[in-house]
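# What the coordinates show
As a plain string of letters, each chain reads:
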Amino acid sequence: QVQLVESGGGLVQTGGSLRLSCVASGRTFSYSFMAWFRQAPGKEREFVAKISWSSSSTDYADSVKGRFTISRDSAKNTAYLQMNSLKPDDTAVYYCNAIINFRSYWGQGTQVTVSS
């Protein structure tokens, strides 16, 4: 079984920074990509960023371009989301998603709260 575990969430002030981590464990034979989604209260889950595991090519939602950076460490089976210039609208539960062994997996989520 593959499991994803997120960490790094917390409470920060407007303009602050956080770095989220997502570690994959289990039978992780073949990676396609890892991605971050988020869900704020009363809103649907939305795409934030993704990264190709082999090439490190990336894609971002318009709302976070220029502020967030996704990266990965293949040796550690870990993806990161560096979040800078945080705004109150970034407040949400952030979820890691990965395509591993040609299947989709989700983490449990980590709370990010940005105070005004």
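### Details of the nonpolar core
Among the nonpolar cores identified, the biggest contains 32 residues, and Leu-4, Met-34, Trp-36, Leu-81, Met-83 and Tyr-94 are the most heavily contacted of them. The greatest single-element share of this core, amounting to 5 residues, is contributed by strand E9 (residues 92-100). Among residues more than four places away in sequence, those in contact with Met-83 are Gly-16, Ser-17, Leu-18, Leu-20, Arg-67, Phe-68, Tyr-94 and Val-112.

### Points about the environment of Phe-102
Within the secondary structure layout, Phe-102 lies in the loop between E9 and strand E10 (103-106). Note: C-alpha distance between Phe-102 and Tyr-31 (71 residues apart in sequence) is 7.8 Å.

### Side note on the layout of surface pockets
The space that makes up the largest pocket amounts to roughly 150 Å³. Along the walls of the largest pocket sit 13 residues, with Arg-38, Lys-43, Glu-46, Asp-89 and Asp-90 positioned nearest its centre. The class makeup of the residues in the lining of the largest pocket is 2 nonpolar, 3 polar and 8 charged.

### Here we look at the packing of aromatic side chains
All chains considered together, the criterion is met by 2 aromatic pairs. Ring centres 5.7 Å apart and planes at 75° place the aromatic pair Phe-37 and Phe-47 in the edge-to-face group. Note that Phe-37 is positioned in strand E4 (residues 31-39) and Phe-47 in strand E5 (residues 46-52), a separation of 10 residues in sequence. Here the guanidinium or amino end of Arg-45 rests over the ring plane of Tyr-95, the centre of that ring lying 3.8 Å away. When the ring centre of Phe-33 is taken as origin, the NZ or CZ atom of Lys-50, which lies over that ring, is 6.0 Å away.

### Here we look at the side chain of Asp-90
Structurally, Asp-90 is set in the loop between strand E8 (78-83) and E9. Judged by its relative accessible area of 2%, Asp-90 is buried. Within the structure, Asp-90 has its side chain in polar contact with the backbone nitrogen of Lys-87 (distance 2.8 Å). Setting aside residues up to four positions removed in sequence, Asp-90 forms contacts with Arg-38, Arg-67, Phe-68, Ser-85, Val-112 and Val-114.

### Concerning the sheet that holds E8
On the basis of which strands lie adjacent, the open sheet formed by 4 strands has the order E1-E3-E8-E7 and antiparallel pairing. The open sheet has two edge strands with one neighbour each: strand E1 (3-7) and strand E7 (68-73). Averaged over neighbouring strand pairs, the angle between their axes works out to 15° when direction is ignored. Sheet topology note: the strand E3 (residues 18-25)/E8 ladder contains 6 bridges and is antiparallel. Counterpart to Val-23 in the pairing with E8 is Thr-78.

### Describing the pattern of salt bridges
Side chains carrying opposite charge are able to pair once their charged atoms draw close together. Tallied over the entire structure, the rule returns 4 salt bridges. Note that Glu-46 and Arg-38 form a salt bridge whose closest N and O atoms lie 2.8 Å from each other. With a shortest N-O distance of 2.8 Å, Arg-67 and Asp-90 are connected by a salt bridge. Taken together, the positions of Arg-67 in the loop between strand E6 (58-60) and E7 and Asp-90 in the loop between E8 and E9 put the pair 23 residues apart, joining distant regions of the chain. The residues Arg-67 and Asp-90 share a single accessibility class, namely buried. Three or more residues are tied together by salt bridges with common partners; here these are Arg-38, Glu-46, Arg-67 and Asp-90.

The rules behind each value
Residues numbered from 1 in each chain as written. Predicted model: local features only at pLDDT ≥ 70, side-chain atom pairs only at ≥ 80, totals over all residues. Heavy atoms only, no water. Core = buried A, V, L, I, M, F, W, Y, C linked by side-chain atoms within 4.5 Å. Buried < 20%, exposed > 50% of the residue type's maximum accessible area, 1.4 Å probe, protein only. Helix = DSSP H or I, 4+ residues; strand = E, 2+ residues; numbered from the N terminus. Contact = heavy atoms within 4.5 Å. 1 Å grid on protein atoms, 1.4 Å probe; cavity = no way out; pocket = protein on both sides within 12 Å on 5 of 7 lines; lining within 4 Å. Points joined across faces, edges and corners; volume = space filled by probe spheres on them. Nonpolar A, V, L, I, M, F, W, Y, C, P; charged D, E, K, R; others polar. Phe/Tyr/Trp six-rings, centres within 6.5 Å; stacked < 30°, edge-to-face > 60°. Lys NZ or Arg CZ within 6 Å of the ring centre and 35° of its normal. Polar contact = N/O pair within 3.5 Å; in protein donor to acceptor, adjacent residues only side chain to side chain. Pairing = 2+ DSSP bridges. Axes fitted to C-alpha atoms, helices over the stretch in contact; angles between N-to-C directions. Salt bridge = Lys/Arg side-chain N within 4 Å of Asp/Glu carboxyl O.

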